[in-house]
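The lines below spell out each chain.
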Amino acid sequence: MFSKILIANRGEIACRIIKTARRMGIKTVAVYAEADAQAQHVKLADEAVFIGPSPASESYLVGQKIIDAAKATGAEAIHPGYGFLSENPDFVEAVEKAGLTFIGPKAHSIRSMGLKDAAKRLMEEAGVPVVPGYHGDNQDAAFLAGQADEIGYPVLIKASAGGGGKGMRRVDKAADFISSLDSCRREAKSAFGDDRVLIEKYVLSPRHIEVQVFGDSHGNIVHLFERDCSLQRRHQKVIEEAPAPGMSEPVRSAMTRAAIKAAEAVNYQGAGTIEFIVDGSGPLRADGFWFMEMNTRLQVEHPVTEAITGFDLVEWQLRVAAGEALPVKQGSIAIHGHAAEARLYAEDPAAGFLPQAGHIDSLEFGLGDGVRIDGGVVSGDQVSPFYDPMIAKVIAHGPGRQDALGRLQEALDNTLVSGLTTNRDFLRALVGNDTFRAGRMDTGLIDRNLERLIEKPEPSEIAIAIAAVIASRIEPSSAHLGFRLWGAADHRIKLLFNGEMIERGLRLQDGVISLHGGNQSLQLADILMGESFEAKAHLGNRSVRVRAKICATEKAGFLDVSILLDGQTFVFTRPDPVAGDAALHSSSNDVLAPMTGVVRMVLVSAGDVVSAGERLAVMEAMKMEHTLTAPRDGEVQDVLCAEGDPVEGGAVLIRLKEEE
Ligand code: MV4
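Here the residue index of a chain counts from 1 through its sequence in written order. Note on the predicted model: pLDDT of at least 70 is required for a residue's local features to be given, and 80 or more for side-chain atom pairs to be given and counted; whole-chain, interface and lining totals, by contrast, use all residues. The basis for every side-chain value is the complete set of heavy atoms in the structure, and neither hydrogens nor water enter the calculation.

Labels follow the DSSP assignment, with helices taken as runs of H or I lasting at least four residues and strands as runs of E lasting at least two, numbered in each case from the N terminus. Looking at where C551 falls in the secondary structure, it is placed in strand 29 (residues 542–555). Throughout, exposure labels follow a simple rule: accessible area from a 1.4 Å probe, protein chains only, divided by the maximum for the residue type, with under 20% read as buried, over 50% as exposed, and the rest as partly exposed. Classification of C551 by relative accessible area gives buried; the value is 4%. A C-alpha to C-alpha distance of 32 Å links C551 and P55, two positions 496 residues apart in sequence.

What follows covers the packing of helix 3 (residues 63–73) against helix 4 (residues 89–97). The axes are straight lines fitted to the C-alpha atoms, using for helices just the contacting stretch, and the angles between their N-to-C directions are given from 0 to 180°. Viewed as axis vectors pointing N to C, helix 3 and helix 4 meet at an angle of 30°, and their least axial separation amounts to 10 Å. In terms of axis orientation, helix 3 runs roughly parallel to helix 4. Here helix 3 and helix 4 pass one another in a crossing that is right-handed. Contacts between helix 3 and helix 4 involve G63, I66 and I67 on the former and, on the latter, F91, A94 and V95. For the contact of helix 3 with helix 4, the residue count by class is five nonpolar, one polar and no charged. Between 65 and 115 degrees an angle is taken as roughly perpendicular, under 35 as roughly parallel, over 145 as roughly antiparallel, and anywhere else as oblique. For a crossing to be left-handed, the near helix must be turned anticlockwise from the far one by less than a right angle; the clockwise case is right-handed. We call two residues in contact whenever any of their non-hydrogen atoms come within 4.5 Å of each other. Each residue gets one of three labels, nonpolar for Ala, Val, Leu, Ile, Met, Phe, Trp, Tyr, Cys and Pro, charged for Asp, Glu, Lys and Arg, and polar for the others, Gly among them.

Between any two strands, at least two bridges found by DSSP are needed for them to pair. If you walk across this open sheet you meet the four strands as 32-39-37-34, and the pairing is antiparallel. With one partner strand each, in any of the chains shown, strand 32 (590–592) and strand 34 (609–610) form the two edges of the open sheet. Summarising the sheet, strand 37 (residues 634–639) and strand 39 (residues 652–656) pair through three bridges and their orientation is antiparallel. Across the sheet, the residue bridging to D638 is R655, located in strand 39.

What is meant by a nonpolar core is a set of buried Ala, Val, Leu, Ile, Met, Phe, Trp, Tyr and Cys residues, joined one to another through side-chain atoms within 4.5 Å. Core analysis: the biggest nonpolar cluster contains 37 residues, and I466, L524, F533, I563 and F572 have the highest contact counts within it. Sort the elements by how many residues they give to this core and helix 17 (residues 461–472) lands first, with 10 residues. Leave out the neighbours within four places in its chain, and L524 touches A465, V469, G511, V512, I513, F533, A535, K536 and A537. Core analysis: the next-biggest nonpolar cluster, separate from the first, contains 34 residues, I360, L363, V377 and M441 among them.

Let us look at the site of the ligand. Taken together, 17 residues are adjacent to the ligand, and L156, E200, K201, V203 and I277 come closest. Polar contact criterion, stated in full: a pair of N or O atoms within 3.5 Å, where within protein one must be able to donate a hydrogen and the other to accept it, and residues adjacent in sequence count only if both atoms are side-chain atoms. Within the side chain of E200, a nitrogen or oxygen atom sits 2.8 Å from a nitrogen atom of the ligand. Considered on its own, the ligand offers 520 Å² of accessible surface; in the complex 91% of this is hidden by protein. Elements with a minimum of two residues in the shell around the ligand: strand 7 (155–159), strand 9 (197–201), strand 10 (206–215) and strand 14 (289–295). For the shell around the ligand, the class distribution of residues is eight nonpolar, five polar and four charged. As used throughout, domain bounds are those supplied by an automatic or database domain assignment. Each of domain 2 (132–201) and domain 3 (209–453) accounts for three or more of the residues forming the shell around the ligand. A molecule or strand has a residue near it when one of that residue's heavy atoms lies within 4 Å. Surface exposure here means Shrake-Rupley accessible area, sampled with a 1.4 Å probe, where a residue is shielded only by the protein chains that are shown.

This paragraph deals with helix 13 (residues 424–431). Most of helix 13 sits out of view: six of its eight residues are buried. For helix 13, every residue scored as buried is listed here: R424, F426, L427, R428, L430 and V431.

Moving on to the packing of helix 12 (residues 401–413) against helix 13. Where helix 12 meets helix 13, the axes come as close as 10 Å, and the angle between the chain directions of the two elements is 155°. Between helix 12 and helix 13, the interaxial angle falls into the category roughly antiparallel. Judged by the twist between their axes, the crossing of helix 12 over helix 13 is left-handed. Side by side, helix 12 and helix 13 meet where L405, L408, Q409, L412 and D413 of the first sit next to R424, L427, R428 and V431 of the second.

Looking now at helix 17. Expected span, for any helix, means 1.5 Å times one less than how many residues it has. Spanning 12 residues, helix 17 covers 16 Å between terminal C-alpha atoms, matching the ideal 16 Å at 1.5 Å per step. Most of helix 17 sits inside the fold, with 12 of its 12 residues counted as buried. Turning to helix 17, its buried residues are E461, I462, A463, I464, A465, I466, A467, A468, V469, I470, A471 and S472. Phi for R473, located one or two positions after helix 17, is positive at around 65°.

Let's shift gears to the side chain of R401. Relative to the helices and strands, R401 resides in helix 12. On the accessibility criterion, R401 (13% relative accessible area) is buried. Ignoring anything within four residues of it in the chain, the contact list for R401 reads E241, P245, H338, F436, R437, A438, G439 and M441.

Spatial ordering of the open sheet is given by 3-2-1-4-5, a layout of five strands whose pairing is parallel. Each of the sheet's edge strands pairs with one partner strand only, and the pair in question is strand 3 (47–52) and strand 5 (101–102). Pairing analysis gives five bridges linking strand 2 (residues 27–33) to strand 3, with the strands arranged parallel. Bridge pairing in strand 3 places Y32 opposite F50.

Before going further, it helps to examine unusual backbone geometry. Of note, the bond from Y153 into P154 is cis; its omega dihedral lies within 30 degrees of zero at -5°. Take P154: it is sitting in the loop between helix 7 (141–151) and strand 7. For the bond running from A242 to P243, omega is -5°, close enough to zero to count as cis. For S205, which is not a glycine, the phi torsion comes out positive at approximately 45°. On the secondary structure map, S205 appears in the loop between strand 9 and strand 10.

Spelled out as structure tokens, the structure:
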């Protein structure tokens, strides 16, 4: 076995590989670009090598830099992860030429699967079902139109060099064929520098089902069953699961046998996936699936296969690359239960799934039985605009499909990401979709239901109340402090939600907070604030226990308050400072801790001359960053706290010199 490997990747997959390597006693070397200097994979690895500017084309995609880093650190093998250099046969050869081991297939296997038409011909020869169509060398337009007539409309024109959905045109009638062919060729030429195409029968209601295969250098090839990845948007997978809903033993047996034949045809070594397009218009049939492409790498969705088989696929990759035989025979690989994975992204579904970059103020996952999180970022990290904005994969495993989906739903319900817009709500809606729950999905499900899936709920009065309490900075558990902070016990709070201003009156009395101004008045009693916000809410004649995850972050005088209540996330912004703050500061020379918390930063020392509004210190309380500013121009007389100090609400932190 290797004693040290280099991981030519970043984010969650780099962290994932490090975890297994560490368990196996293998040292790891991370590589990182400028934007990733503070990234988790760099922190987790035993060593890290800087490889250049942030754009991947100048760092993670430069094979020579990766190879140099491996040589310099004495790594014996390179794991490419997925994406980047993982399916680049020239890189594989360069790695081997440098005397290193590529943890993945041989260059020739990757090349044989690289071109669609050649791969299709190869698969056909190997006895793997391929979509009926024309995938020969004749590229004459009139000839191809004739082929389309023979296949029967609708047909699909696909770029031979394409993949992942690029360079495809669906054609519904003969009259449209030539113009679609022309535009497909233009796109293929500019995207791949190769304008050859193939023509296929268009499969209606397609499902995407793929089979995980694994080969070793001793000629063994096994499969680890299938995954259903039909829930996609713009050819990006959103939710994957294993096994495939509705899969019967005869169909599974035919599909996995075809997958093994495909892998054998290219002498496959390592982890690979055979993708099939499947007729999803009715029950799955043994003659209703066709080879689409082979992914010659470990895939993003591999954890669902790990969950149902109980094997660590990264461990297998390392063993196979080191020359060991596969650890088990086909007969010892069985399906245990059901697993589903959702990809949590920093993106805004309402804005056309626009990728989001920025600071993650807080990241809390809903952990539970059978739930696994594969992540690459933690609270306080940055989602970089340079790379794929995936935050984490949430994987749930259970005895049956409904158990797994229920656990996935619960995990998503209890996941709070603050500071960035994510697709969490969209994923929740998708997991709750009836058609998906019934296992009757196809690749068009998301687009057909898009409007409902991205709908944003309005906040309940309880959610508004919690946000108002947090924004007002009342510490309800200590009434005297509330009194001291507020002077009067009444307060008006303005909150922005989704561009709309919400105004409420708050009154604190005997530890109970009453809220006025909404269409319902309500009281919050028995309030507990800590990691979460708990209270008993009274609305009219109803009373309910409320439990919410909260995160509040101050940014340039604004306060962002994220509330996770009953599975729904609401983000409010308090646009102006609480009026009480000024009173708190201006009446004396003392700058007080507004609530019990921890001093995070002290920005001045005794003798400093400060001007009104200047930042003096930063506190953290109730997961909220709180900046303390100078109440007036003056000189700092004493600093009575230090970074890391726990302080009581009302404690004097900084004292200004008495004014002359
Ligand atoms: C197809 C098809 C229908 N008929 N081929 C899209 C990605 C690429 N790998 C192949 N794709 C498709 N090929 C035939 N003959 C429909 C798709 C397709 C699709 C396939 C899998 C997952 C999502 C998809 C979304 C739209 C279209």
